[in-house]
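Each chain, letter by letter, is given below.
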Amino acid sequence: MGTAVTIIVPTFNERDNVAELVERTAAALRGRDAEILFVDDSTDDTAAEVARVAADAPVPVRVIHRTENTGGLGGAVVVGLSAAESDICIVMDGDLQHPPELLPALLDRFAEGDADVVAASRYVGGGDTSGLGTAVRFGVSRAATWLTRAMFPIRLARSTDPMTGFFLVDRRRVDVAALRPQGFKILLEILARTDLRIAEIPMEFAERRHGTSKASLRQGVTFVAHLARLRFGKMSLFAIIGVIGAVANLGIMWLLVALGVPYIWAAIIGAEVTIIGNFILQERFVFADMRTDARGLGLRFVTSFAFNNVEAAVRIPVMALMVETWHISSVLATGLSLIVAFFARFLFHSLVVYAPRRGTDEAREPKADTATLRVIRAIDAEAMKPGEL
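Below: a short report on this structure. On a predicted model such as this, the values are computed, not experimentally measured, just so you know.

### Concerning the overall build of the protein chain
Phase 1 of the analysis: Helix and strand content of the protein chain: 13 helices and seven strands.
Phase 2 of the analysis: Counting all 389 residues of the protein chain, 46% fall into the buried class.
Phase 3 of the analysis: Residue pairs in contact within the protein chain that sit at least 24 positions apart in sequence constitute 78% of those at least 6 positions apart.
Phase 4 of the analysis: For the protein chain, the accessible area works out to roughly 18,800 Å², and carbon and sulfur atoms hold 62% of it.

### With respect to the packing of aromatic side chains
Phase 1 of the analysis: Under the defined criterion, the tally for this structure stands at six aromatic pairs.
Phase 2 of the analysis: The structure contains a cluster of three or more aromatic residues connected by ring pairs, namely Phe238, Phe287, Phe346 and Tyr354.

### Some details on the pattern of salt bridges
Side chains that differ in charge, positive against negative, can pair when their charged atoms come close.
Phase 1 of the analysis: Applying the stated criterion to the full structure yields 20 salt bridges.
Phase 2 of the analysis: Two residues, glutamate 35 and arginine 62, come together in a salt bridge whose shortest N-O distance is 3.0 Å. Here arginine 62 lies in strand S3 (residues 61-65) and glutamate 35 lies in strand S2 (residues 34-40), a separation of 27 residues in the sequence.
Phase 3 of the analysis: Arginine 62 gets classed as partly exposed once you look at its relative accessible area, which sits at 28%.
Phase 4 of the analysis: Here arginine 109 ties to glutamate 112 by a salt bridge, and the two come within 3.1 Å at their closest N and O atoms.
Phase 5 of the analysis: The class for glutamate 112 is exposed, based on a relative accessible area of 55%.
Phase 6 of the analysis: In the salt-bridge network here, residues are joined through shared partners; they are Arg15, Asp16, Asp45, Glu49 and Arg52.

### Remarks on the pairing of S2
For a regular strand, side-chain orientation follows a simple rule: the groups alternate between the two sheet faces.
Phase 1 of the analysis: Taken across its seven residues, S2 has seven buried, putting it largely inside the fold.
Phase 2 of the analysis: Of the two faces of S2, both are covered, the one formed by Ala34, Ile36, Phe38 and Asp40 as well as the one formed by Glu35, Leu37 and Val39.
Phase 3 of the analysis: With seven bridges connecting them, strand S1 (residues 5-11) and S2 associate as parallel partners. Bridge pairing in S2 links threonine 11 to aspartate 40.
Phase 4 of the analysis: At this point the chain moves from S1, through helix H1 (residues 15-28), to the parallel S2, and the crossover so formed is right-handed.
Phase 5 of the analysis: Here five bridges tie S2 to S3, and the two strands are oriented parallel to one another. Within S3, the position partnered with valine 39 by the bridge is isoleucine 64.
Phase 6 of the analysis: Between the parallel pair S2 and S3, the chain is carried across by helix H2 (residues 46-54), and the sense of this crossover is right-handed.

Quick notes on the rules
Residues numbered from 1 in each chain as written. Predicted model: local features only at pLDDT ≥ 70, side-chain atom pairs only at ≥ 80, totals over all residues. Heavy atoms only, no water. Helix = DSSP H or I, 4+ residues; strand = E, 2+ residues; numbered from the N terminus. Buried < 20%, exposed > 50% of the residue type's maximum accessible area, 1.4 Å probe, protein only. Contact = heavy atoms within 4.5 Å. Areas by Shrake-Rupley, 256 points an atom, 1.4 Å probe, with all protein chains shown as cover. Phe/Tyr/Trp six-rings, centres within 6.5 Å; stacked < 30°, edge-to-face > 60°. Salt bridge = Lys/Arg side-chain N within 4 Å of Asp/Glu carboxyl O. Pairing = 2+ DSSP bridges. Right-handed = clockwise from strand over helix to strand, strands pointing away.

See the structure below:
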């Protein structure tokens, strides 16, 4: 008999998948102590179909039907975590894009004892993303993953796919009551609010069998808002410094233009001054907790300076095009281009400039518990508390 496990399956109008999902899940878990728990938000008869299939299923099958879709899919998972018979829970979608045959691999990896979460990743070696379908969906998925990892570069350092909906979690290591999910990305919520150890196994993301994708523009907006709520701290500091740099840039440019300097040269000088100033402030206030494990100061500066100059080399001609084509103020055009540049800079600095050196985890010496580190931990703890925008 293997580890007792509850398979949590959030569903929304997926009655046609229930029988096959139960059959394949039961076959994959044959010989293990397991149950399947559906948490259903459907407007059709999915819950009735689960009850029908449960009557002859080889494993216990339960269904909780919610009348209020609180928190979306993530909220359904939280309900499942609270109601599960087992502390070891595996979350998977009900559309059969997550292959049930991978369940034993998740349990076997967890049995090694060095992880609290085991995620099925589309992006680790051996994984496959063909089930995403179009190139647009793949691009959106990758961009969202990069943005998420950039906003949580330490907590997600070992996660290649924090957006996956197929994962095992040890409920004993999670304060379920503290979770405040919004939308699809419940694993992100769990990892962002905890210091859980994570391991990954590769997953071949299958094509959808029945039903339609729940992704939409509204879900995208919900995701971005939730991401901002989870990680308001580091990105807000980066934004504040960016605003200071933008104001300085505009001020320098205005002064030079007023003195008769052509606006192109004024923009270049303003950009170079603020690039150096922003790096100094970011080192001190934004990425201070990442400097120890990152590359040396000189290499960080050269990498940051080179990227920002390449970005400026692209941004300034675009700004000039807006001035000459749209006939708007050069100062306004510079301001608009700086807003777009902000996101590119944040991604690059989080994922590249301050990325941990290879082998850092193995060679890392215990850090002294200084007053500065205690303050940083306190700020981080406050940022991780449930809240609203």
